[in-house]
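Take a look at the letters that make up each chain.
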Amino acid sequence: MVQRIRHQYLVFFVLLLSLLVSGAAAETIYAENFEELRNGLSSNGENTVILTADITAESSIPVMGKITLTTEENANCVISFADCPADEKGFILVGKGAELTVIGNKSGKITITGKHSKDTSLISVHSGNLVLKNTDLKENHLTGSGSAGGAVYADSGKIILERCTITGCSADLGGAVYLTSNEKSSVEGEITGVFINSCTASAGGAVYADYQGKIPELSIPKKMQTKLTISATTVNNCGAENGFGIYATASDIRISGVNFADLPAFGDSNSVCAVSSIVSLDGPQDLLHGISLEKSVIHLVDEFSIYDHATVTLVSDTAVSPYLMKIDRGNISDVVGYFTIVLPDGFLTEKNGKNLILRAYVNFDANGGFGTPLLTDLPCAIRTDLPINPYSREGYTFAGWAETPNGPALYENAGTITLLEPTTLYAVWENKDAESGYFRTITNGGYVEVSGHPPLQYVDLPAGASGDIYLSDSINLPTPEDMQVFSVFSVNITEYPTGMPSEIGFSLSSTELAGTDADSVRLYSYADGEWKALPTTCSVTGDTAVFEAQTNSLGIFAVVFEESSSAKSPLGIISIIAGICAVCLFRRK
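Residues numbered from 1 in each chain as written. Predicted model: local features only at pLDDT ≥ 70, side-chain atom pairs only at ≥ 80, totals over all residues. Heavy atoms only, no water.

Caption draft 1: Summary view of empty space enclosed by the protein. Under the definition given, this model contains 1 cavity of 30 Å³ or more. In this model, the largest cavity occupies a volume close to 60 Å³. As for the largest cavity, its lining consists of Lys295, Ser296, Leu314, Ser316, Thr318, Ala319, Val320, Ser321, Tyr323, Leu324 and Leu358. Residues of the lining of the largest cavity, tallied by class, amount to 6 nonpolar, 4 polar and 1 charged. (1 Å grid on protein atoms, 1.4 Å probe; cavity = no way out; pocket = protein on both sides within 12 Å on 5 of 7 lines; lining within 4 Å. Points joined across faces, edges and corners; volume = space filled by probe spheres on them. Nonpolar A, V, L, I, M, F, W, Y, C, P; charged D, E, K, R; others polar.)

Caption draft 2: Molecular detail of unusual backbone geometry. Cis rather than trans, the peptide bond between Pro454 and Pro455 has omega equal to 5°. A positive phi angle, close to 50°, is found at Ala250, a residue other than glycine. For Ala250, the position within the fold is in the loop between strand S26 (246–249) and strand S27 (252–256). You can call Ala250 buried: its relative accessible area is 1%. Even without glycine at this site, Ala381 takes up a positive phi of about 55°. Looking at where Ala381 falls in the secondary structure, it is placed in the loop between strand S40 (374–379) and strand S41 (383–385). (Helix = DSSP H or I, 4+ residues; strand = E, 2+ residues; numbered from the N terminus. Buried < 20%, exposed > 50% of the residue type's maximum accessible area, 1.4 Å probe, protein only.)

Caption draft 3: Spotlight on the pattern of salt bridges. For the structure shown, the criterion picks out 11 salt bridges. The salt bridge involving Asp136 is made with Lys109; its shortest N-O contact spans 3.7 Å. Within this pair, whereas Asp136 is found in strand S13 (residues 135–138), its partner Lys109 is found in strand S9 (residues 109–113), the two being separated by 27 residues in sequence. By sharing partners, the salt bridges in this structure join Lys133, Glu162 and Arg163 into a single network. (Salt bridge = Lys/Arg side-chain N within 4 Å of Asp/Glu carboxyl O.)

Caption draft 4: Highlighting a negative patch on the surface. Negative charge collects at one region of the surface, where Glu294, Asp317, Asp345, Glu403 and Glu421 lie side by side. One can find Glu421 in the loop between strand S43 (416–418) and strand S44 (423–431). (Patch = residues over 30% accessible without salt bridge, like charges linked within 9 Å, V, L, I, M, F, W, Y side chains within 5 Å. Areas by Shrake-Rupley, 256 points an atom, 1.4 Å probe, with all protein chains shown as cover. Lys, Arg positive; Asp, Glu negative; His and termini not counted. Charge placed at Lys NZ, Arg CZ, Asp CG, Glu CD.)

Caption draft 5: Representation of the layout of surface pockets in the model. In this structure, the largest pocket encloses a volume near 160 Å³. Along the walls of the largest pocket sit 11 residues, with Ala399, Glu430, Tyr438, Phe439 and Arg440 positioned nearest its centre. Counting only elements with at least two residues in the lining of the largest pocket, the list comes to S44 and strand S45 (438–442). Of the residues in the lining of the largest pocket, the class split is 7 nonpolar, 2 polar and 2 charged.

Caption draft 6: Layout of the sheet that holds strand S47 (residues 456–461). Spatially, S46-S47-S50-S54-S53 is the arrangement adopted by the 5 strands of the open sheet, whose pairing is antiparallel. Of all strands in the sheet, those with a lone pairing partner are strand S46 (446–449) and strand S53 (536–541), marking the two edges. When the angles between neighbouring strand axes are averaged without regard to direction, this sheet yields 15°. (Pairing = 2+ DSSP bridges. Axes fitted to C-alpha atoms, helices over the stretch in contact; angles between N-to-C directions.)

Caption draft 7: Structural context of the packing of aromatic side chains. Under the definition given, this model contains 14 aromatic pairs. Between the aromatic rings of Phe398 and Trp401, the centroid separation amounts to 5.0 Å while the plane-to-plane angle is 65°, which identifies the pairing as edge-to-face. Judged by its relative accessible area of 0%, Trp401 is buried. When the centroid spacing of 5.9 Å and the interplanar angle of 25° are considered together, the rings of Phe486 and Phe561 count as stacked. Here the residue Phe486 occupies a position in strand S49 (residues 484–495), and Phe561 occupies one in strand S55 (residues 555–561), the gap between them amounting to 75 residues. Through a chain of ring-to-ring contacts, three or more aromatic side chains come together here, namely Phe364, Tyr391, Phe398, Trp401 and Trp429. Looking at Arg393, its charged tip hangs above the ring of Tyr396, at a distance of 3.8 Å from the centre. (Phe/Tyr/Trp six-rings, centres within 6.5 Å; stacked < 30°, edge-to-face > 60°. Lys NZ or Arg CZ within 6 Å of the ring centre and 35° of its normal.)

Remember that the coordinates give geometry; whether it matters functionally is a separate question.
Okay, here's the thing in structure tokens:
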């Protein structure tokens, strides 16, 4: 009896195990209509779906498991989404963790066609994997502003396209393929042996590699979240306003043996446009329409070569890298002759070992001094030494270099600078007689930043004001009566146009205000033996109040804490009298 029970349990266990194993086993699903196709692609597990007929889709299809879509041996099948509602991001949706492989069987081929819609790609990938081999993607047009990926869209995960054809697709970004990532996601694309024909976009006629995270303003991202490798591929008769072949933003793209053939369908852009990206060229290239770089770098990999001269155009006015081009092997001088380099005004290049260094001109303005004019070029985006000041000025000492004619000295004599663009630096002069109060010399008005004379911050002078500016904090004059005076100072210049307005800026901390309402602070001027209040405005940022006062002449000024307005107004006086009367009546009682 016991043995019979044990035998029954054993049989039950074997049956249960067989059910579990059979449930987890891969299935082969034949699809000759849409319902069978949808059920097969949407199934969980690791299944193979074999197309046995052309199918017209009735809705979008989500992919949930690890699915292989193929045909019977040597058969050609078409999946058409022409009559499908375009209410999803893609007609075929590869979700998180899912994998879809679409592959023709031997000489057989699968063709997927689309329609005109606002923003529905043929295939959309989100945190999944997509492999297309021996597959045709055709005639899917996205018309919405900002639409992306006429044939394939991927915002994370990995896509592989091999021996495919993409024809007649369009979108606003990436006529054929669009890849994008951000700080928390990455995407990788491999395109090999693909023929991309007659695809159009506003940017990236064939492919757009994008990054939607924060991009450093003055550097290339250290870690690229979007990576694209495109090799042995032909881009034919594609068009875009920017990058009729490839457009890349903050991406790492590697181009190997790509043929950019025929003229663009529209526009007059470059084969490749790159912004804040690294463009690696590996193997033989046909770069007939050249490369446009904005804050980007070209990396020439080991086996690099091109069929003919290519144009590299630097469109950025700001350098973010010390080099424009670098090479793995050999010397940059051996290969740079293949390129015609087009640079903005003020930039030039220097061949240096394995790098093509980017340099920019620096003009050193004597700003009132004398000597042989100095114009030189320095390497970009790297800390480098400034030359020794060649100028002199009688009665003055050189104090450094400023970025504006009236600005403060930002760079010391023979100090260092990180140059990002062609620049003019202006000599700053200080009077050798410190007791004279000399501050700076200007030629024609403008904004003059003041340091070392608090609370004064700046003086904005009218056109025509010129000569030496003198500042003084030691003023011996009667101050405005019945008011609290914080400071008295003077501002004078050699030549000042009569009656023209100037602006004087000063600031006070909350500690300096000591509880005084910032709105009661005024700047007064002293003229003809009396003090007069000037129009003064105030803005408070954090613990600092910044004031701007308007004046039609220079001379002596005082920062004054005026009495509160209520104490001077009739209403304030009536209130005080009423208070006194009330006290007197109370005492009589």
